[in-house]
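Structural characterization, general
Take a look at the letters that make up each chain.
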Amino acid sequence: MSPHNPGTELDLSWISKIQVNQPAVLRRAQQIQARRTVKKEWQAAWLLKAVTFIDLTTLSGDDTYSNIQRLCYKAKYPIRKDLLEALNMHDEGITTAAVCVYPARVCDAVKALQAAGCHIPVASVATGFPAGQTHLKTRLEEIKLAVEDGAMEIDVVINRTLVLTGQWEALYDEIRQFRKACGEAHLKTILATGELGSLTNVYKASMIAMMAGSDFIKTSTGKETVNATFPVAIVMLRAIRDFFWKTGNKVGFKPAGGIRSAKDSLAWLSLIKEELGDEWLKPELFRIGASALLSDIERQIYHHVTGRYAAYHDLPMC
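- Under an unreviewed UniProt entry, the name given to the chain is deoxyribose-phosphate aldolase, and the source organism is Pipistrellus nathusii.
- Recorded in UniProt under Sequence similarities (unreviewed entry), the annotation for the chain is "Belongs to the DeoC/FbaB aldolase family. DeoC type 2 subfamily."
- What UniProt records for the chain under Catalytic activity (unreviewed entry) is the sentence "2-deoxy-D-ribose 5-phosphate = D-glyceraldehyde 3-phosphate + acetaldehyde".

And the structure:
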């Protein structure tokens with residue numbers, strides 16, 4: 001991972017007069033969605049690159065050690081070996097960027113990855129995920145327990161009420177406490193943008209989260225009615241760029257929720273490349289939170305190699 005974002009002192013003058021031009025943002029989002037994607041071997045190369053950005057995730061109430069074990073195996077071997085050999089990519093060590101689980105499953109994931117001889121980091125959601133409506137003391141304790149169990153990245157959820165009521169100092173203070181509780185673990189702050197009310201609030205919440213020391217800002221929990229969308233992403237990426245210009249600190253970006261197709265992943269990579277540049281196209285600064293996405297990417301690579309689409313039984317599932 002990249003060095004921690006040290007954050008800054010709270011400076012409300014940065015955000016006090018901000019108003020997002022929504023029609024302009026929507027036009028930019030339409031440009032991204034209308035663009036034709038790359039084809040053939042270039043597409044295969046970009047899809048393999050997309051695999052390395054995935055936080056392979058399971059956040060189900062029926063998670064058990066055995067399905068966490070399967071998830072970790074899939075994280076280490078995300079694409080079938082013979083397909084990688086056909087592309088001459090079998091020696092490149094392609095894995096997903098991380099495995100993301102609930103706090104109670106962190107020990108299972110750490111154990112499974114160690115057994116596989118793999119150094120993929122474990123990420124854990126925390127702070128009353130997905131609603132963030134538990135007491136602050138409980139949320140901080142949840143972070144500490146996940147870190148003690150071996151989580152190297154913590155995906156926290158903010159208290160949306162603080163954004164909707166404009167309590168920016170309280171939001172800053174809360175995220176600073178999350179940052180402290182993480183210790184050496186990286187802090188990824190989920191804004192739950194579908195519940196923030198406006199794109200202007202999305203920008204302000206992004207900036208406060210970065211001032212408070214977030215290493216990543218993330219769109220969604222995946223549990224909201226509206227999750228990762230291009231208009232929201234554009235606003236968050238512009239905030240990341242503004243923060244970098246003002247402070248010199250690079251903060252990562254993670255869209256999550258509803259990203260299921262290989263075509264979608266290519267659009268997200270294109271957006272990052274155009275808005276922030278190639279230096280952000282690495283796992284230290286870009287992640288995709290997903291569970292079903294990897295299966296579709298593997299299907300597309302299978303099609304590229306064999307010329308036909310895989311039957312259900314052709315590809316190993318998580």
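That shown, we press on.
**Overview of helix α12 (residues 293–306)**
- Compared with the 20 Å implied by 1.5 Å per residue over 14 residues, the 20 Å span of α12 between its first and last C-alpha is a close match.
- Turning to α12, its buried residues number three or more, namely Leu293, Leu294, Asp296, Ile297, Glu298, Gln300, Ile301 and Tyr302.
- Positive phi appears at Gly307, one or two residues downstream of α12, with a value of about 85°.

**Focus on the pairing of strand β1 (residues 54–57)**
- A two-sided burial pattern is seen for β1, the buried positions comprising Ile54 and Leu56 on one face and Asp55 and Thr57 on the other.
- In the sheet, β1 pairs with strand β8 (residues 288–290) via 3 bridges, with the strands oriented parallel. Among the inter-strand pairings, Asp55 is bridged to a residue of β8, identified as Gly289.
- Strand direction decides the pairing type here: β1 and strand β2 (residues 98–101), joined by 3 bridges, are parallel. Residue pairing in the sheet places Leu56 in a bridge with Val99 of β2.

**Details of the nonpolar core**
- Formed by 97 residues in total, the largest nonpolar core has its most connected members in Val99, Ile154, Met207, Phe253, Trp268, Phe286 and Ile297.
- With 10 residues, the top contributor of residues to this core is helix α10 (residues 230–247).
- Look past the residues within four positions of Phe253 in its chain and what remains in contact with it is Phe216, Ile217, Thr219, Ala233, Met236, Leu237, Ile240, Trp268, Ile272, Leu285, Phe286 and Arg287.
- Within the second largest apolar cluster, 7 residues are counted, among which are Val125, Phe129, Val157 and Ile190.

**Thoughts on the side chain of Thr57**
- By secondary structure assignment, the location of Thr57 is in strand β1.
- Judged by its relative accessible area of 16%, Thr57 falls in the buried class.
- Here Thr57 is in contact with Leu71, Cys100, Ala290 and Ser291, once residues within four sequence places are set aside.

**Focus: the side chain of Asp108**
- Note on placement: Asp108 falls in helix α5 (residues 106–115).
- At a separation of 2.7 Å, a polar atom in the side chain of Asp108 contacts the side chain of Arg105.
- If near-sequence neighbours (up to four positions away) are discounted, Asp108 is found in contact with Tyr65 and Ile68.

**Considering the packing of α10 against helix α11 (residues 262–275)**
- Where α10 meets α11, the closest approach of the two axes is 10 Å, and the angle between their N-to-C directions is 30°. As judged from the angle between their axes, α10 and α11 are roughly parallel. By crossing handedness, the relation of α10 to α11 is classed as right-handed. The segment α10 lies against α11, with Phe230, Ala233, Ile234, Leu237, Arg238 and Arg241 engaging Ala267, Trp268, Leu271, Ile272 and Glu275.

**Some thoughts on the pattern of salt bridges**
- Throughout the structure, instances matching the rule amount to 22 salt bridges.
- Among the salt bridges present, the one from Arg179 reaches Asp215, with a minimum N-O distance of 2.7 Å. One end of the pair, Arg179, is in helix α8 (residues 168–182); the other, Asp215, is in the loop between α9 (199–211) and β6 (216–218), with 36 residues separating them in the sequence. The same class applies to Arg179 as to Asp215, namely buried.

**A word on unusual backbone geometry**
- Residue Pro130 follows Phe129 across a cis peptide bond; omega there is 0°.
- Within the secondary structure, Pro130 sits in the loop between β3 (122–126) and α6 (136–148).
- Positive phi is not limited to glycine here, since Thr127 has a value of about 60°.
- By secondary structure assignment, the location of Thr127 is in the loop between β3 and α6.
- A relative accessible area of 0% means that Thr127 is categorised as buried.

**With respect to α10**
- If you check α10, its first and last C-alpha atoms are 25 Å apart, about what 18 residues at 1.5 Å a residue would give, namely 26 Å.
- Among the residues of α10, Phe230, Pro231, Val232, Ala233, Ile234, Val235, Met236, Leu237, Ala239, Ile240 and Phe243 are the ones counted as buried.
- Elements in contact with the buried residues of α10: α1 (22–34), α9, β6, β7 (252–254) and α11.
- Of the residues flanking the end of α10, it is Gly248, one or two places downstream, whose phi is positive at about 80°.

**Brief notes about the environment of Ala126**
- Along the chain, Ala126 falls in strand β3.
- Looking at Ala126, the relative accessible area reads 1%, which means it is buried.
- When sequence neighbours within four positions are dropped, the list of residues in contact with Ala126 reads Glu142, Ile143, Ile154, Asp155, Val156 and Val157.

**Side note on the packing of aromatic side chains**
- Following the criterion strictly, the structure yields 7 aromatic pairs and no others.
- Their ring planes at 75° and their centres at 6.0 Å tell us that Tyr102 and Phe129 sit as a pair that is edge-to-face. In this pair, Tyr102 is assigned in the loop between β2 and α5 and Phe129 in the loop between β3 and α6, connecting sequence segments 27 residues apart.
- Owing to a relative accessible area of 12%, Phe129 belongs among the buried residues under this scheme.
- Aromatic ring contacts, followed pair by pair, group Phe230, Phe253 and Trp268 into a single cluster.
- In this arrangement the basic side chain of Lys246 is found over the ring face of Trp14, its NZ or CZ atom lying 5.1 Å from the centre.
- When the ring centre of Trp280 is taken as reference, the NZ or CZ atom of Lys250 above it lies at 5.7 Å.

Rules used in this analysis
- The residue numbering used here restarts from 1 in each chain and proceeds along that chain's sequence as written.
- Owing to the predicted nature of the model, reporting of local features is limited to residues with pLDDT of at least 70; listing and counting of side-chain atom pairs is limited to 80 or more, with chain, interface and lining totals taken over all residues.
- Only hydrogens and water are set aside; all other atoms, that is, all heavy atoms of the structure, feed into the side-chain values.
- UniProt positions are given in the numbering used here, feature names are shortened, and annotations may be inferred rather than shown by experiment.
- Strands here mean DSSP runs of E at least two residues long; helices mean DSSP runs of H or I at least four residues long; both are numbered from the N terminus.
- Here the expected length of a helix is defined as 1.5 Å per residue gap, with one fewer gap than residues.
- Relative accessibility thresholds used throughout: buried, under 20% of the residue-type maximum; exposed, over 50%; partly exposed, between the two (1.4 Å probe, protein chains only).
- Two strands make a pair as long as DSSP finds a minimum of two bridges between them.
- The nonpolar core is taken to be a set of buried Ala, Val, Leu, Ile, Met, Phe, Trp, Tyr and Cys residues, with the residues joined through side-chain atoms within 4.5 Å.
- Two residues qualify as a contact provided that any one of their heavy atoms is within 4.5 Å of a heavy atom in the partner residue.
- Between N or O atoms, a polar contact is any pair within 3.5 Å; within protein, one atom must be a potential hydrogen donor and the other a potential acceptor, and residues adjacent in sequence are included only when both atoms are from side chains.
- The convention used is that axes are lines fitted to C-alpha atoms, helices contributing only their stretch in contact, and that angles between N-to-C directions extend from 0 to 180 degrees.
- Every angle not falling under 35 degrees, over 145, or within 65 to 115 is termed oblique; those three ranges are roughly parallel, roughly antiparallel and roughly perpendicular.
- For any helix crossing, the convention is left-handed if the near helix is rotated counterclockwise from the far helix by under a right angle, and right-handed if that rotation is clockwise.
- Basic side-chain nitrogens of Lys or Arg form a salt bridge, by our definition, when they fall within 4 Å of a carboxyl oxygen of Asp or Glu.
- Each Phe, Tyr or Trp ring, with Trp reduced to its six-membered ring, pairs with another whose centre is within 6.5 Å; inter-plane angles below 30 degrees give stacked pairs, above 60 give edge-to-face pairs, and intermediate values give tilted ones.
- Only when the NZ of Lys or the CZ of Arg is both within 6 Å of the ring centre and within 35 degrees of the ring normal is a charge said to sit over the ring.

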